[in-house]
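Inside the fold
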Amino acid sequence: MVLNSSFRYVGGALQVDDFALEAIASEVGTPVYVYSLRRVLGNYRRLRRAFAPLSAQLHYSVKANGNAAIVEALAKQGSGFDCVSGGEIRQALAAGGAARQIVFAGVGKTRAEIEYAVERGVGWLNVENALELEYIQAAAERTGAESVLVALRLNPEVTAKTHPKIATGHGGAKFGMTAAVIHALLAKRNAYPRINFAGIHIHIGSQLGDSQATIRAVEKALELARPYPQIRAINLGGGLPVAYQFAESPPPVDELVQALSSRLGEYRVLLEPGRAIVADAGALLAEVLYVKRQAGQVFYIVDAGMTDLLRPALYDAHHEVLPLRKASSRGEVAQLVGPVCESTDVLARDRLLPPLQVGDKIALMTAGAYGMAMASNYNARPLPAEVLVDAAGAGWRASRSRNLLPEK
Ligand code: LLP
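Quick caveat: nothing in here was measured; it's all calculated off a predicted structure.

Attention now moves to the pairing of strand β18 (residues 361–364). Of the two faces of β18, both are covered, the one formed by Lys361 and Ala363 as well as the one formed by Ile362 and Leu364. Note: strand β13 (residues 282–294) against β18, 4 bridges, orientation antiparallel. From the neighbouring strand, leucine 285 faces β18, where its bridge partner is alanine 363. The pairing of strand β15 (residues 321–323) with β18 spans 3 bridges and is classified as antiparallel. In the sheet register, proline 323 faces β18, and the bridge partner there is isoleucine 362.

In this section: unusual backbone geometry. In this structure, the amide linkage connecting threonine 30 to the following residue, proline 31, adopts the cis form with an omega of -10°. Of note in the backbone geometry, aspartate 17 takes a positive phi value of approximately 45° without being a glycine. Of note in the backbone geometry, threonine 366 takes a positive phi value of approximately 55° without being a glycine. Relative to the helices and strands, threonine 366 resides in the loop between β18 and β19 (385–389).

Turning our eyes to something else, we now look at the sheet that holds strand β3 (residues 19–20). Paired through their backbone hydrogen bonds, the strands of a sheet run either parallel or antiparallel. Strand order in the open sheet formed by 3 strands is β1-β2-β3, with antiparallel pairing between adjacent strands. Only two strands of the sheet have a single neighbouring strand rather than two, namely β1 (7–10) and β3. Pairing analysis gives 2 bridges linking strand β2 (residues 13–16) to β3, with the strands arranged antiparallel. Counted as the bridge partner of valine 16 is phenylalanine 19 from β3.

Moving on, we come to the environment of asparagine 190. Mapped onto the elements, asparagine 190 comes out in the loop between α7 (179–187) and β10 (195–201). Sequence separation between asparagine 190 and glutamine 77 is 113 residues; the distance between their C-alpha atoms is 38 Å.

Cut-offs and rules
Residues numbered from 1 in each chain as written. Predicted model: local features only at pLDDT ≥ 70, side-chain atom pairs only at ≥ 80, totals over all residues. Heavy atoms only, no water. Buried < 20%, exposed > 50% of the residue type's maximum accessible area, 1.4 Å probe, protein only. Helix = DSSP H or I, 4+ residues; strand = E, 2+ residues; numbered from the N terminus. Pairing = 2+ DSSP bridges.

These results come straight from atomic positions and should not be treated as a statement about function.
Now the structure itself:
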């Protein structure tokens, strides 16, 4: 069975590229994230090709997965980076990313972060607040930067078809500014002689299931930009969806590109994809600790929980669960739960799962985006380990050791 080009069963054993996940799990221990760099780079190249008609510049959204080896490999491909904190800018620069190819976004940038970004020559600042402009102008004067590129983030008041907790473009969201506020800022642009108001930024949400909403948002951005010849760039943000369920097929990117290319015309296009590059390149491996049959239910208690993969608890997100050794029988409807002291620590609810026994290992699929990135030490649990299979598929290494808290 082929799940994607990197994760598949071979002879009943689930593999990442040419390695049995069972062997990796036994050697490194669980919980462990396993990433295929080949798949990451394949996704990156596929997106570049798909967006070639728009000559779009890709800025990988570091928040999806800041693993140093992944960021470094993307930097080598010439990717830019979308960063939302001083920390992420540091991550991108440390991985060899070019400052000029970084876009710095965020609804609550601190003044110190803005100064750091300007000082380091970050390519674009996506601005969501008039006061940010004061800080950028001051930082530019202090550091001698003559022209800082700014994209004003429009809240296009478009409700995206996605989970409400990851929608950002509707009028009630804290993100972006209304068209009226942006017009007012542009009318005052001469007050900021060191700022080049060259772009409009939109990002209406993540895991966008409906390209119509994106197209509506782009139209609003174009309508806003049209009277200002100095606005040459439209940053479309991220949000490209991936399949979390095997039966799912997200809308093809090509259709979106086609619809956009007739509209975006002469504008320079920037993109900030995160999930679409890393999600299906990663899986979280866990081991069954206990099987509990209680109150008519079956609970498989595994050693990974919401501290390792928060998405199911936070968004009722679906991640497919696969045994590392293919099951021969069908199994039963069960609850896959973690060890954390919270009722919401459920990784798969009412799911038809393969028959599992204590010691069996499973993979939570499509966990490469917003998995490790949102892991925490809650319950004083160590962060999961990470393993990276190199791009040639020739070898793997644990890219971070588990930070077990030392005993005094
Ligand atoms: N650009 C901006 C301004 C963003 O806010 C985001 C994501 C991205 C780009 C990248 O979006 P992507 O291509 O990955 O959809 N933790 C949630 C997702 C939160 C997304 C936050 N912003 C999850 O696990 O689904």
